Amino acid sequence: MIDTEIFLDVRNLKKYYPVTAGLFSQHVGDVKAVDGVSFQIRAGEILGLVGESGCGKSTLGRTILRLEEPTSGEILYGGTDIARLDKKGLRALRRDLQIIFQDPEASLDPRMSVGDSIGEAFIIHNIGDEMERREKVATLMEQVGLEAEQADLYPHEFSGGQKQRIGIARALAINPRLIVADEPVSALDVSIQAQILNLMMDIQQKFKLTYIFIAHDLSVIKHMSHRIAVMYLGKIVELAEKKELFQNPLHPYTEALLSAVPSLQSKKQERILLRGDVPSPMAPPQGCHFHTRCHKAMPICSSTEPQLTELQPGHQVACHLYT
Amino acid sequence: MQNNGTILKVTNLKTRFFARRGVVRAVDGVNFALKRGECLCLVGESGCGKSVTALSILGLIESLQGRVVDGEVMYHNLDLLKSSPEELRRIRGREIAMIFQDAQSALNPVFTVGEQIIEQVKLHLKMGKKEAKNRAITLLREVGIPSAERAMDSYPHQLSGGMRQRAMIAMSLSCDPQILIADEPTTAVDVTVRAQILDLFNELKRNREMSLIFITHDLGVVSEIGDRAVIVYAGKDVETAPVSQIIGSPKHPYTVGLLDCLPDFAKVVDRLPSIPGATPDPTAPPSGCPFHPRCAHVMDICRQQEPKQVVISVGHSVSCHLYNG
């Protein structure tokens, strides 16, 4: 169930990390982790963000929640610009926007019982009394497939998959509307991955949530998302409905990514092998960031940067092949 | 003694770690045979014992406080488990080489890539300095490193992740090993680089007379590179078959489950089939078949008796009571 209403409108968002050097910490450059990203997401939608390590997908997710301070740009949610909220406004906002982290091991406090971890948000946001909180924690634990009696146990007593369930329960605690899921299954074994993906699908439908789903694994992204944004070196290079993106990839990078997925099919399609590695985000190539590895590069690509343009309704791509 | 071109035969290998919380049965009876020139994949989830199997073969387990308590690893006519440290040192790196998952931590950060390869070549092949250097450059070219001369003088941190992985592969090939053991060599790299590395392995397979043991958790990778696969669960081999059969007609419920729960790239489903529960605690494995607490086809006998290996067809064997009798 996807509304037509725009839920979140991200406009030209940038996040630069300054790089300093020398005795007086002179500013010598920036790592442009997120470099001018714009997209909209509708209520009830799952937007997949996919790209290789260092492409800025996690930073983008964290910046939208203001876990990182944006360098510039707007993040419009309802009538407010998240990028400009003060501390008090942010606290109220966190009731609506939550995050699930990649590593459940690192995101849970080892010295807190999981019940306390899940219920912490109720205390912060002043919800209910002690009895009500315990009840709510019990309900949450059952919703994510754990048992209420396990609330008094500590994180080390749970397996990786169970820990990720606890992370999901924490994110759900205060009925958020949007969850940024940052590589929620990449630390898990395949047999456990499927359990967690199913759980995330179920709660998305049950609570009518909106997800920004970040992953590097295209099969996982394809399974979860309605629309998919492909990122490369801090920019969105292609954005389309899932079906459209997989059937009709336009950007050469998307093509290469799709063909790089190891498949179980015995008949292999011709693989597009990219040259080299992703360049350093501190010194991205001139022009189109991808031209150094592109198998369709033209002279213009090394000089002028292509803009993200809508080629067909709902299908955006940033590539000189189409201009 | 070895028939049908078997170069390495692992029989009933058992490796334990003696930890404070109990005895960890990391490898609990693994069997497989590696044929000359083939790529055999050891497949399983984390903690199933696939890496420990490799380290046990190479006699590297004692430095990790583990001990091989039973089994046999026959390499030609030599039981590696009974070999002296000197014999093992001669074989390790020269005849059986290994590549680790994380090239970053497997390479020495204070020596250049060239120095590290030259050291190995000089040690094992008794080459002079000049000869060793030329060999190192040839190797770096073979693994697809552009401007190999420059890479020789680079320190590991100056190379990108993909290039470091290639440098490590070059190093492992330096003595023309008969067997190369690669432990998750594509796990720590990005998808596009993974495709390049897999491509390189396929090329090495074609161009060299070498057997490959490829350790991975990714069945997609297995289908790209493997000739045969051994599925490992809780320290035991539960199914062994040619890759086409593992993927086309898997027999063990665990293999079936592993394949089912991969999000299929070709079709869209609402829910993914999943395997309930989690892998067992290696200090207290379940009785009978180790997979029975998670198995959809569990029978009474599975809880009591460990299944014997059954041959389904030529080269395809499975350890499961469903196929017994």
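Nothing here was measured: the structure is a model prediction, and the numbers come from that model. (Residues numbered from 1 in each chain as written. Chains lettered and ligands numbered in written order. Predicted model: local features only at pLDDT ≥ 70, side-chain atom pairs only at ≥ 80, totals over all residues.)

Before going further, it helps to spend a moment on the overall build of chain B. When you go through chain B residue by residue, the secondary structure sums to 12 helices and 12 strands. Scaling as 2.2 N^0.38, a compact globule of 325 residues should have a C-alpha radius of gyration of about 20 Å, and chain B matches this with 20 Å. The C-alpha extent of chain B, read off along each of the three principal axes, is 65 × 50 × 45 Å. Residue burial in chain B is summarised as follows: out of 325 residues, 47% are buried. (Helix = DSSP H or I, 4+ residues; strand = E, 2+ residues; numbered from the N terminus. Rg over C-alpha atoms; globule rule 2.2 N^0.38 Å. Buried ≥ 20, exposed ≤ 12 C-beta atoms within 10 Å, placed from the backbone.)

So, about the sheet that holds strand β10 (residues 236-242) of chain B. Residue and element names in this part refer to chain B. The strand order across the open sheet formed by eight strands is β6-β7-β8-β3-β9-β10-β12-β11, and the pairing between neighbours is mixed. Because the sheet does not close on itself, it has two edges, and the strands there are β6 (96-99) and β11 (309-313). On average, adjacent strands in this sheet sit at an angle of 20° to one another, irrespective of strand direction. One ladder, built from four bridges, connects β6 with strand β7 (residues 179-183); its direction is parallel. Among the inter-strand pairings, Ile96 is bridged to a residue of β7, identified as Ile179. (Pairing = 2+ DSSP bridges. Axes fitted to C-alpha atoms, helices over the stretch in contact; angles between N-to-C directions.)

Looking now at the sheet that holds strand β5 (residues 80-81) of chain A. Residue and element names in this part refer to chain A. Strand order in the open sheet made by the four strands is β2-β1-β4-β5, with antiparallel pairing throughout. The strands lining the two open edges of the sheet, one partner per strand, are β2 (26-42) and β5. The strands touched by helix α1 (residues 57-64) are β1 (6-21), β2 and β4 (72-77); relative to β2, the strand with the most contacts, the crossing angle is about 70°. (Contact = placed C-beta atoms within 7 Å.)

Let us now look at unusual backbone geometry. Unusually for a residue other than glycine, Ser25(A) sits at a positive phi of about 50°. One can find Ser25(A) in the loop between β1 and β2. A positive phi angle, near 50°, is found at Ala234(B), a position not held by glycine. Relative to the helices and strands, Ala234(B) resides in the loop between β9 (228-233) and β10. Look at Ala234(B) and you get buried, because 25 C-beta atoms sit within 10 Å.

Next up on the list: the nonpolar core. Note on soluble globular proteins: their nonpolar side chains tend to be buried together. Ranked by internal contacts, the top residues of the largest apolar core, which has 181 residues, are Phe213(A), Val230(A), Leu140(B), Ala167(B) and Ile213(B). Ignoring any residue separated from it by four or fewer positions in sequence, one finds Leu140(B) in contact with Ile145(B), Ala148(B), Ala151(B), Met152(B), Ala167(B) and Ala170(B). (Core = buried A, V, L, I, M, F, W, Y, C linked by C-beta atoms within 7 Å.)

In this section: the interface of chain A and chain B. Taken together, the 32 residues of chain A in the interface contact 35 residues of chain B. Secondary structure elements with two or more residues in the side of chain A that touches chain B: α7 (190-206), α8 (218-224) and α10 (252-260) of chain A. The element contributing the most residues to the side of chain A that touches chain B is α7(A), with eight residues. Partitioning the side of chain A that touches chain B into residue classes produces 14 nonpolar, 13 polar and five charged. (Nonpolar A, V, L, I, M, F, W, Y, C, P; charged D, E, K, R; others polar.)

A few words on the confidence of the model for chain B. With 97% of its residues at a pLDDT of 70 or more, chain B shows a mean pLDDT of 90. Here the predicted complex carries an ipTM of 0.80, next to a pTM of 0.87. (pLDDT = per-residue confidence, 0-100.)

Residues and elements named next belong to chain A. Position of Gln26 relative to the elements: it lies in strand β2. Overall, Gln26 belongs to the exposed group, with 9 C-beta atoms counted inside 10 Å. It is 46 Å that separates the C-alpha atoms of Gln26 and Phe158, two residues lying 132 residues apart in sequence. Setting aside residues no more than four positions away along its own chain, Gln26 makes contact with Thr20 and Ala21.

All right, on to helix α7 (residues 161-173) of chain B then. Over its 13 residues, α7(B) extends 19 Å from the first C-alpha to the last, a length consistent with the 18 Å expected when each residue adds 1.5 Å. Buried residues dominate α7(B), accounting for 11 of its 13 residues. (Expected span 1.5 Å × (residues − 1).)

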